[in-house]
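An overview of the molecular structure
Single-letter residue listing:
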Amino acid sequence: IDRTVMQVAMSAATHSSRPLSVRVSREKECADNSIVEPMSPTGRVMEELGVCIVVVIGLGTPVNLPVFRAGIETELLTRFPRFRSIQVMDESTNNSKPRWVQTPVNMDDHIVVPRLDPEADPEKAVEDYVASLSLLPMDRRRPLWEFHFLDFPSSEAASTVVLRLHHSIGDGTSITTLLMASSRSTADPARVPAMPPPPKRTGAIYQREPRPRLSSGDYLALLAWFWSYVVLAWHTLVDVTMIVATILFLSDPRTLFTRADGVEPRTRKRFVHRTLSFDDVKLVKTAMNCTINDVLAGVTAAALSQYYFKNSGVTLTRRESVCDHSS
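Quantities reported herein were computed from a predicted structural model and do not represent experimental measurements.

Here we take up the overall build of the protein chain. Looking only at helices and strands, the protein chain features eight helices and nine strands. When each of the 327 residues of the protein chain is scored for burial, the buried share is 28%. Sequence-distant contacts, at least 24 apart, represent 73% of the contacts inside the protein chain between residues at least 6 apart. Here the protein chain displays about 22300 Å² of accessible surface, and carbon together with sulfur accounts for 59% of that area.

Below, the structure is given as C-alpha cells:
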C-alpha cells in the first residue's frame, strides 16, 4: 500500500425499534462451553443502541481480492473469536442475558463487491456508498462485520476498502490497531509489522502549574489554592446537572447542526472527508509537542467553528463588526 487514507466514523443506527437478537434455548446450546462468552456491559450498551463503525481505507493499488480473502481468514477469523461469533440471548433463566456464541462463517456473506455507475464522479460515489452503509441494519444471524471492496480509482486512491462492523466488537481505536497489526509486508509476509511507541506527553501544555509555596504566614495563597478546587467542584456540579436536565426535560439550543423538524434522522447521515498531508500534521505535532490525535482534534474543531461562523448570520455579523473595530 503506497498511500493509505483512514477515516474512522461511528454511526448510531436509529431504527424504529430495537433490533431483535437471535434467541436460543438451553437445548440448542453447543456442547463445548469454551465457545460461549458473556457479553461485556459496554458491548450490551452498544447492542442496545445499534452503533456501528465504518472504516474507509484507500489503497495505492487495485484490490487483490484473493489476497484480502486469505488475509481475513488467516488473521481475523482464526485469531479473533469475535469475528466468528454472533450475539444470542440465554433463555435458560428468567433474566435473559446476551452472550457471544461462535458459529461457522461463510466468507461470501461478509465480502461485498458492489457494481457502481462507471460514469459517476468517483469521489461522490465513494461518499454516497459509505453514507448508505450507515442506513442499513446489520444481519444479526451472522457475525456483525463485512468488507466492501470498491475497485475503481479516485483522486486519492487506486481502490477503496470499507469495513463496517458492530461497535460491540470493538471501538475505532482498537479496530484500527487490529488492522495495522494484521497487515503484512508483500516483500516479507512473515515479518510482523512494527507498531509505533506510545506518545510521550511531555509538552508545556501537559505540565501542571506549580502549586504556590505555602508558608506559615501565607494565608492568601492557601485560600487561593483552596478556592480553585471549590470553583472546579462547582463547575463540575453545574455541568452534571445540566446534562441530567437536558436528558430529562431540557432541549439543546437550535444551531446549524440541529436536524430540521419533520426530517427523518436516517436521511440526514453522510460521511465526508478531507485528506491532509501527514508531513504537515507531524510538523504541527512536533512544534506543539503534542500527539497526532491532538492535532487532528484541533483541526476538526477549527473546521466546525469556521463553518458555524461562516453560515450563522448573527454570529457572522458580530464577528465582522469585531474585525472592523480591530482593523
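Let's pick the thread back up.
Now for the pattern of salt bridges. With the rule as written, the count across this model stands at eight salt bridges. Here Glu75 and Arg79 are joined by a salt bridge, their closest N and O atoms 2.5 Å apart. With a gap of four residues between them, Glu75 and Arg79 both fall in helix H2 (residues 65–79), about one helical turn apart. Linked through salt bridges whose partners overlap, the residues forming this network are Arg69, Glu73 and Asp108.

Turning next to the UniProt feature "transmembrane region" (unreviewed entry) in the protein chain. Listed under "transmembrane region" (unreviewed entry) in the UniProt record, and renumbered for this structure, are residues 219–250. Counted over residues 219–250, helix gives 94% and strand 0%. Its end C-alpha atoms are 43 Å apart.

For the coordinates displayed, the defined rule picks out six aromatic pairs. Ring geometry for Trp225 and Tyr229: centres 5.5 Å apart, planes at 70°, overall edge-to-face. Linking Trp225 with Tyr229, this pair stays in helix H5 (residues 219–248), spanning four residues, or about one helical turn. Classification of Trp225 as partly exposed rests on a relative accessible area of 29%.

A word on unusual backbone geometry. If you check the backbone angles, Asn289 has positive phi at about 55° while not being a glycine. The topology assignment puts Asn289 in the loop between helix H6 (278–288) and helix H7 (292–311).

The next thing to look at is the nonpolar core. Membership of the largest hydrophobic core comes to 26 residues, with the highest contact counts inside it found for Val55, Phe83, Trp145, Phe147, Leu163, Leu165 and Ile169. Among the elements that take part in this core, strand E4 (residues 51–59) stands out by supplying five residues, more than any other. Ignoring sequence-local partners within four residues, the contact set of Phe83 consists of Leu76, Leu77, Val105, Pro143, Trp145, Leu165, Ile169 and Leu178. If you look at the next biggest cluster of nonpolar residues, it comprises eight residues, including Val56, Tyr129, Val130 and Leu133.

Turning our eyes to something else, we now look at helix H1 (residues 41–49). Residues of H1 that are buried include every one of Gly43, Met46 and Glu47, and no others. Around the axis of H1, the buried residues are gathered within 105° of arc, so they sit on the same side. When the buried face of H1 is taken as reference, the exposed residues oriented beyond 90 degrees from it are Pro41, Thr42 and Leu49. Gly50, located one to two residues past H1, shows a positive phi value of around 70°.

Further remarks concern the environment of Thr275. Looking at the element boundaries, Thr275 is found in the loop between H5 and H6. Exposure remark for Thr275: the relative accessible area of 23% places this residue in the partly exposed category.

Bringing the packing of H6 against H7 into the picture now. Orientation of H6 relative to H7, taken along the N-to-C sense of each, is 105°, at an axis distance of 9 Å. Viewed along their axes, H6 and H7 adopt a mutual orientation that is roughly perpendicular. Judged by residue contacts, Phe278, Val281, Val284 and Lys285 of H6 engage Ile292, Val295 and Leu296 from H7. Split into classes, the residues belonging to the contact of H6 with H7 amount to six nonpolar, no polar and one charged.

Calculation criteria
- Residues numbered from 1 in each chain as written.
- Predicted model: local features only at pLDDT ≥ 70, side-chain atom pairs only at ≥ 80, totals over all residues.
- Heavy atoms only, no water.
- Helix = DSSP H or I, 4+ residues; strand = E, 2+ residues; numbered from the N terminus.
- Buried < 20%, exposed > 50% of the residue type's maximum accessible area, 1.4 Å probe, protein only.
- Contact = heavy atoms within 4.5 Å.
- Areas by Shrake-Rupley, 256 points an atom, 1.4 Å probe, with all protein chains shown as cover.
- Salt bridge = Lys/Arg side-chain N within 4 Å of Asp/Glu carboxyl O.
- UniProt positions renumbered as here; feature names shortened; annotations may be inferred.
- Phe/Tyr/Trp six-rings, centres within 6.5 Å; stacked < 30°, edge-to-face > 60°.
- Core = buried A, V, L, I, M, F, W, Y, C linked by side-chain atoms within 4.5 Å.
- Arc of directions from axis to C-beta.
- Axes fitted to C-alpha atoms, helices over the stretch in contact; angles between N-to-C directions.
- Parallel < 35°, antiparallel > 145°, perpendicular 65-115°, else oblique.
- Nonpolar A, V, L, I, M, F, W, Y, C, P; charged D, E, K, R; others polar.

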